[in-house]
Every structure is written in structure tokens, then in C-alpha cells.
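Next come the chains, spelled out residue by residue.
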Amino acid sequence: MTQFLPPSDKLSHEKNVYHTVAHEKAALKLEQDLVLWDPQSNEKATIDPYKTLFIARLNYDTSETKLKREFEIYRKIKSIHLTHDKQTGKPHGYVFIEYEKESDMHVKEWRPRRLGGGLGSKRRDGPPRDK
């Protein structure tokens with residue numbers, strides 16, 4: 001008498017069918033969400049993205065008051081939106097700061113930190129290490 005063991009995993013053609021179905025479901029959901037998406041109806045959204053500064057990796061204890069105090073020294077702020085989880089109320093750790101004018105977002109002769117520019121202190125103190 002021959003014993004048959006159940007397969008431990010799906011066969012390769014079953015995996016391909018599963019991935020195809022999952023991809024089609026994700027594409028359909030994306031299309032549906034795109035039809036329903038209306039950025040103009042979001043009262044928390046900024047009006048003009050060219051006036052908006054996005055800051056990530058914030059300390060979760062940071063408040064809007066602290067952010068306003070730190071960033072208003074550069075230019076006049078129109079609005080600050082510190083994002084929170086809808087269910088738990090915990091902060092996500094990023095913020096959108098909208099300035100009054102688009103020109104408030106520009107810093108003369110600014111270059112990214114990776115090209116030797118940037119504003120603020122460096123991430124690491126001391127000389128660079130040899131690799």
C-alpha cells in the first residue's frame with residue numbers, strides 16, 4: 001500500500017494564480033479609491049503644495065506649539081498639521097507646515113546635505129571614519 005503525503009506548500013502554478021488574483025484585487029481597489037479620492041474636500045490638506053514643508057522623523061512628544069515656535073522665526077506660518085492615527089490618537093511622527101507665501105519656502109543658494117549643503121547641524125559629530 002502506498003502512502004500519499006499532503007503537499008507542504010502550494011505548487012508553483014498555484015502560487016502564480018494566487019499572485020495574479022492578489023495583483024488584480026489590489027489594482028481594482030486602487031482604481032476604486034482613485035475614483036473616490038477628492039483632495040479638495042479634505043479640510044486638513046494644505047492648499048498649495050509649493051508653500052508646504054514636510055518634516056518626518058519627529059519626536060512623538062513634539063507639539064504644534066513647539067513647531068510653531070521653532071519655524072516661525074524664519075517666516076510667517078499659515079497652518080501646521082501634525083498627523084495622528086485615527087483609531088489610537090498616537091502621532092505618526094511627521095508634520096506639514098504651510099507658509100503664507102511660496103517665497104517663504106525658498107532659501108538662497110541652498111544645496112542638499114549630501115552635496116555639502118543643508119541647514120542645521122550634521123548628523124554625526126567628529127571627522128568621517130575611514131572604511
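The text that follows walks through the structure, step by step, so that each part is easy to find.

Reading the values: rules and limits
Residues numbered from 1 in each chain as written. Predicted model: local features only at pLDDT ≥ 70, side-chain atom pairs only at ≥ 80, totals over all residues. Heavy atoms only, no water. Pairing = 2+ DSSP bridges. Helix = DSSP H or I, 4+ residues; strand = E, 2+ residues; numbered from the N terminus. Axes fitted to C-alpha atoms, helices over the stretch in contact; angles between N-to-C directions. Contact = heavy atoms within 4.5 Å. Phe/Tyr/Trp six-rings, centres within 6.5 Å; stacked < 30°, edge-to-face > 60°. Buried < 20%, exposed > 50% of the residue type's maximum accessible area, 1.4 Å probe, protein only.

The next point concerns the sheet that holds strand β1 (residues 52-55). Judged by pairing direction, the sheet is antiparallel, and its three strands sit side by side in the order β1-β3-β2 without closing on themselves. The open sheet terminates on both sides in strands that have one partner only, identified here as β1 and β2 (77-84). Ignoring which end each strand starts from, the neighbouring axes of this sheet average 15 degrees apart. For β2 and strand β3 (residues 91-99), the ladder comprises six bridges, and the chain directions are antiparallel. For I80, the partnering residue across the bridge sits in β3 and is I97. In this fold helix α2 (residues 64-71) packs onto β1, β2 and β3, with an angle of close to 140 degrees to the strand it touches most, β2.

This part covers the packing of aromatic side chains. Under the criterion given, the structure shown has three aromatic pairs. Summarising the aromatic geometry, the rings of F54 and Y94 are spaced 5.5 Å apart at their centres and angled 55 degrees between planes, so their arrangement reads as tilted. Here the residue F54 occupies a position in strand β1, and Y94 occupies one in strand β3, the gap between them amounting to 40 residues. Both rings, one in Y94 and one in F96, keep their centres 6.0 Å apart while their planes meet at 85 degrees; by these two values the pair is edge-to-face. Judged by relative accessible area, which is 27%, Y94 ranks as partly exposed. Taking the relative accessible area as the measure of exposure, F96 reaches 28% and is therefore partly exposed. A connected cluster of aromatic rings, assembled from ring pairs, spans F54, Y94 and F96.

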